[in-house]
Amino acid sequence: MRNKGILSFALAGFAACTFTLPAGAQDHQHMMTEPTAIPADARELVKFPEPMRLHTITSMRDHLLALQEIDVALSRNAFDKAASIAEQRLGMSSLEVHGAAHIAPYMPQAMQDMGTNMHRAASRFALEAQNASVSNDVRPALAALGSVMQQCVACHSTYRLY
């Protein structure tokens, strides 16, 4: 009988938690029903010829995939693998594969600079990741990886492709 009372009490508490809206939830729901203006995209529009635009977008998607693969490698202490991914797919060694010389003339100078800075930062990350395989201290590599991503964020916050 005692267990039945405890169970009833627990179920009542669960029901109260499940079906009671937290304080302020009504205000939040009200705010959600009001129409909101969608801000205009203030980023600078950069026009590439269609084949180059598609190539660039594909390349940027691979950059994002490379960053994800680097993250997984770092989580497994596979520092040399992270370094290799960074250098081959993001670093200075990757410029020819990405056709950077053909695409650069269509970019504003500041966009070119961000791209170059990203590739250089990726090569610096690759060196820091290799160092981490010896020192077993991943912090400098993570800081260097943050610099790579900072360039990505800066470019994507400033520019958009047509």
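Residues numbered from 1 in each chain as written. Predicted model: local features only at pLDDT ≥ 70, side-chain atom pairs only at ≥ 80, totals over all residues. Heavy atoms only, no water.

J.: What is the right way to read the environment of arginine 120 from this model?
T.: Among the structural elements, arginine 120 can be located in helix 7 (residues 109-135). Assessed through its relative accessible area of 43%, arginine 120 is described here as partly exposed. In this structure the C-alpha to C-alpha distance between arginine 120 and methionine 92, which are 28 residues apart in sequence, comes to 5.9 Å. (Helix = DSSP H or I, 4+ residues; strand = E, 2+ residues; numbered from the N terminus. Buried < 20%, exposed > 50% of the residue type's maximum accessible area, 1.4 Å probe, protein only.)

J.: Can you walk me through the packing of aromatic side chains in this structure?
T.: Each aromatic ring pair is summarised here by two numbers: the centre-to-centre distance and the angle between the ring planes. Here the structure, examined in full by the defined rule, presents one aromatic pair. The side chain of lysine 47 reaches across the aromatic face of tyrosine 162, ending 5.3 Å from its centre. (Phe/Tyr/Trp six-rings, centres within 6.5 Å; stacked < 30°, edge-to-face > 60°. Lys NZ or Arg CZ within 6 Å of the ring centre and 35° of its normal.)

J.: Explain unusual backbone geometry here, please?
T.: Leaving glycine aside, a negative phi is the common case for residues, and trans is the common case for peptide bonds. Residue asparagine 77 is not a glycine yet carries a positive backbone phi of 60°. Tracing the backbone through its elements, the reader meets asparagine 77 in the loop between helix 3 (50-75) and helix 4 (79-89). Classification of asparagine 77 by relative accessible area gives exposed; the value is 51%. At asparagine 136, a position not held by glycine, the phi torsion is positive, near 60°. Here asparagine 136 is to be found in the loop between helix 7 and helix 8 (139-158). Using a relative accessible area of 57% as the deciding quantity, one classes asparagine 136 as exposed.

J.: Explanation requested: helix 7 in the structure shown.
T.: If you check helix 7, its first and last C-alpha atoms are 38 Å apart, about what 27 residues at 1.5 Å a residue would give, namely 39 Å. Regarding helix 7, the residues found buried are Met111, Met114, Met118, His119, Ala121, Ala122, Ser123, Phe125, Ala126, Ala129 and Ala132. Residues of helix 7 that are buried sit in contact with strand 1 (44-46), helix 3, helix 4, helix 5 (95-98), helix 8 and strand 2 (159-161). The first or second residue beyond helix 7 is asparagine 136, which carries a positive phi of 60°. (Expected span 1.5 Å × (residues − 1). Contact = heavy atoms within 4.5 Å.)

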